[in-house]
Each structure stands twice: as structure tokens, then as C-alpha cells.
Amino acid sequence: MKSKNALLSSLEDSFMEILKSKARSELEKGKKSLDTIEGEILDSIGPTMLQHLPEQVLKSLMSHAPNMLREHRAADRGFERRNFKRWREPFDALETIVVIAEEVGEACDIEGRDLAKAKADYQFEALSQLFPRAILVAREIIHLLKGGFPDAALSRWRSLHELTVTAMFIAQCDRVTALRYLANFDFQARRAAKQYNVHAERAKLKPFSVKELEDIDRRCAISFEAVGEELKGEWDWAKPGLGQVKPNFAEVEKVVKMDHWRPRYKWASQHIHSGHRPSENALGVSEAKQPVMLVGRSNSGFVDPLHMTAISLMQITSTVLLKKPNIDRVVYAKILANLSDNVGQLAVEAELKTRPS
């Protein structure tokens, strides 16, 4: 609220300064009464404000910005300390999962890289591309939660779920499906480049050159030769593993028996799209005692994002580990399963222990 009050104060100060300046100028001429001057000034103040006020207000705001930002950043740091204190145990457990997952995933990649290259193992390559993205998204989720944005963290979980389901699907299908997944990037890139060029001039963007488009076409030609067709839709690469159904993510979920996560997936989509969502439905206001229009940080509503992230990260890591299982990998998969359950329990306990009375 401080920044809003500062803005209103700047507007008022600038308005009054214009009013006083014009009044002094007219009074000095000595030809009109004060009442007449005030009426004329008020009639003309709109155009004058539009001409001068934005520059004056900006100058005032920028002069106050360093102190204003210093106050806000100090408040943010204070919030983050208190927030971490409340959720420290589940944070520690989830971050432990991330570190273990990253290390065992990297070990799997190093161990299998040479053989996969020799055998043109497209499943290995696809999983090796998906898994690091999952680690990155998990870290983004943790960062958002530490910053106090549980609804944003939930929306990033949506991406983690997509990565997990896609990895499961590729792992259970054949090498042709994995190759189609890898090749699909070129077809989608060409489609995006053409769309980009259609709007480039209006959007004041530099369009792709003829040579750049030709390079994209060459890559698509190579991919076409590899898979035998142009992949037009986003999920056309998945057709061999889906049968006759329309290829989309929901069908991929069904094939890998993850469709029971669809309600949560749709729930996580609410924060992404612009459809109406009542303010009281936000995770960040789940402990509010009165209606709140949330526009900033909150330390409420962390249980679901924490636990769902732990589960999805466990699932994709286990998919990578058990593609070619051995004793060590089975052990790590079980450890991660236990840890993911623990995150949920710790999150519930943290919420209950610190819930506002």
C-alpha cells in the first residue's frame, strides 16, 4: 500500500503545483478575479495535466524509488525467512529428493551414453533430454514456494507432470516412438518460424531470413526421411503408441495409467489461463479469515505443491532408473518413493503446527 499512497501523493502534488503556477501567472496579470481564474484553470486543467503531469509524476516516483524499493526488498527478505522457518522440514526433504534424483540420473546417463550411441538408442536419448528438464522445473517450483507463490508453483508442477507422463510413455513404447518424439521438434520449429514471420513486421521483430528457413526445411527433410511423414500436430509423434485415438496428452496419460492425475492437472491449469477463478480459490489465501485479493506473497497452501512435486520427480526418476534396472537402481527408486511420501507427511505437519489460530 505504501507504493500506491506514494503514487497518489505524487499525482496530488503535481496537480496542485500546476494549479498554483497557473493561478500565480494569471493573478500577476491583474486582469481577472480569483474566482474567474479558478474556473478557467479548472476548465483547462485536463489537457494541461495530460501534457505535463506524466513527466512530473515519473520524476517524483523515480526520486523516491530507491527508498521505496529498499523497504519492499527488506520486507521480502523478512517474509522469506519466516516462510522458510515454517516449511523448512518439507523443503529439506524435497530438496534432498532433487539432489538424489540429479545425481543418480547423471550416473545413469554417464553409464549408458556410449552404448546408447552405438545402438542408436532413441529412448535413451529422449529420456536423457526429458530428465534434466524435470530437475530444472522441480528447482523452479522450490524457488517459487520459498518466495511465497504456491499457485505459481502449482502451475509449474503442471509442466513437471507433462514431462513425467511423456517420459513414462516413451519408456514403455518402442524406439520408433522415441525417434518421432525427437524428430517432432524440427516440424514444430518450422511451423513456429512461419508463424513468427507472418507477424514479424507488425511485432517489430526481425524475420527469419530465406537462408534460415531453408536450414529449417533441410532439418525437417532429414526428420521426414527418418520417420516417414510430416508430424503436423503437437502430439502426432505419439500415434504409434496410441492406436486409432486422437493424439493428445490426455490419451497419453491413459496409456501410462496416469489419467487419475487429470483432475489435479486441470486444477493446476487454472492459474495459467485467463478463465474466471474466484479469488478465494487460490492456494495462497487458503488460510485467510476474510476475503482477500492476493497480489503478492503468501505462506499458505504449500502442502499440495510440495507433495505433488515430490511424487512427480520420484516417478520420472524411477522411470529413468528402471528402464534398465539393476539392484542399485531398484534401491534408489524405493528410497525416492519413501522420501516422496515423507514430503507429504512433513508438509501436513508443518501446516498444522503453524496454522493461524
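Residues numbered from 1 in each chain as written. Predicted model: local features only at pLDDT ≥ 70, side-chain atom pairs only at ≥ 80, totals over all residues. Heavy atoms only, no water.

**Q** Describe the overall build of the protein, naming the residues involved and giving the relevant values.
**A** Regarding its fold elements, the protein presents 11 helices and 0 strands. Here the protein holds 357 residues, and 38% of them are scored as buried. Of the contacts formed within the protein by residues at least 6 apart in sequence, a portion of 75% connects residues at least 24 apart. Accessible surface computed for the protein: about 21,500 Å², of which carbon and sulfur atoms make up 56%. (Helix = DSSP H or I, 4+ residues; strand = E, 2+ residues; numbered from the N terminus. Buried < 20%, exposed > 50% of the residue type's maximum accessible area, 1.4 Å probe, protein only. Contact = heavy atoms within 4.5 Å. Areas by Shrake-Rupley, 256 points an atom, 1.4 Å probe, with all protein chains shown as cover.)

**Q** Please provide a residue-by-residue account of the pattern of salt bridges, values included.
**A** Pairing is possible between side chains that carry opposite charge, provided their charged atoms lie close to one another. Evaluated as defined, the whole model comprises 25 salt bridges. Between R113 and D109 there is a salt bridge, with the nearest N and O atoms lying 2.8 Å from each other. Remark: D109 and R113 occur in helix 2 (residues 34–118); sequence separation between them is 4 residues, near one turn of the helix. D109 sits in the partly exposed class, given a relative accessible area of 24%. With a closest N to O distance of 3.2 Å, R355 and E351 form a salt bridge. For R355, a relative accessible area of 43% translates into the label partly exposed. (Salt bridge = Lys/Arg side-chain N within 4 Å of Asp/Glu carboxyl O.)

**Q** Describe in detail the packing of helix 3 (residues 122–147) against helix 4 (residues 150–172), supporting the description with residues and values.
**A** Two numbers describe how helix 3 lies on helix 4: the axes approach to 9 Å, and their chain directions differ by 165°. With respect to each other, helix 3 and helix 4 are oriented roughly antiparallel. Taken as a pair, helix 3 and helix 4 cross one another with a handedness that is left-handed. Contacts from Q123, A126, L127, L130, R133, A134, V137, E140, I141, L144 and L145 in helix 3 reach P150, A152, A153, R156, W157, S159, L160, L163, T166, A167, I170 and A171 in helix 4. Its residues assigned to classes, the contact of helix 3 with helix 4 comprises 17 nonpolar, 3 polar and 3 charged. (Axes fitted to C-alpha atoms, helices over the stretch in contact; angles between N-to-C directions. Parallel < 35°, antiparallel > 145°, perpendicular 65-115°, else oblique. Left-handed = near helix turned anticlockwise from the far one by under 90°. Nonpolar A, V, L, I, M, F, W, Y, C, P; charged D, E, K, R; others polar.)

**Q** Would you mind going over the nonpolar core in detail, with residue names and values included?
**A** Counting residues in hydrophobic clusters, the biggest one holds 72 residues, and the most contacted among them are W87, F169, W237, L306 and L313. If near-sequence neighbours (up to four positions away) are discounted, W237 is found in contact with T166, F169, I170, T177, R180, Y181, N184 and L231. (Core = buried A, V, L, I, M, F, W, Y, C linked by side-chain atoms within 4.5 Å.)

**Q** Break down a positive patch on the surface for me, citing the residues and quoting the values.
**A** On the surface, a cluster of positive charge is made up of R73, R77, R81 and R82. Judged by its relative accessible area of 46%, R77 falls in the partly exposed class. (Patch = residues over 30% accessible without salt bridge, like charges linked within 9 Å, V, L, I, M, F, W, Y side chains within 5 Å. Lys, Arg positive; Asp, Glu negative; His and termini not counted. Charge placed at Lys NZ, Arg CZ, Asp CG, Glu CD.)

**Q** Give a description of helix 3 that names residues and reports values.
**A** Compared with the 38 Å implied by 1.5 Å per residue over 26 residues, the 38 Å span of helix 3 between its first and last C-alpha is a close match. Following helix 3 by one or two positions, G148 adopts a phi angle in the positive range, close to 95°. (Expected span 1.5 Å × (residues − 1).)

**Q** Give a description of the packing of aromatic side chains that names residues and reports values.
**A** Enumeration over the complete set of coordinates arrives at 10 aromatic pairs. Aromatic side chains W157 and W261 sit 5.7 Å apart centroid to centroid with 35° between the ring planes, which places their arrangement in the tilted category. Residue W157 is located in helix 4, and its partner W261 is located in the loop between helix 8 (249–255) and helix 9 (262–269); the two are separated by 104 residues in the primary sequence. An identical accessibility class is assigned to W157 and W261; each is buried. Taking 5.1 Å as the distance between ring centres and 45° as the angle between the ring planes, the aromatic pair formed by F249 and Y265 counts as tilted. With a gap of 16 residues between them, F249 in helix 8 and Y265 in helix 9 connect regions that are remote in the sequence. (Phe/Tyr/Trp six-rings, centres within 6.5 Å; stacked < 30°, edge-to-face > 60°.)

**Q** Tell me about the side chain of R86, and name the residues and values.
**A** Among the structural elements, R86 can be located in helix 2. Overall, the relative accessible area of 10% leaves R86 in the buried class. In terms of polar contacts, R86 uses its side chain to reach the backbone carbonyl oxygen of E351, at 3.5 Å. Residue contacts for R86: discarding those within four places in its chain leaves E287, N299, S300, A350, E351, T354, R355 and P356. (Polar contact = N/O pair within 3.5 Å; in protein donor to acceptor, adjacent residues only side chain to side chain.)

No statement about biological role is implied by the geometric values presented.
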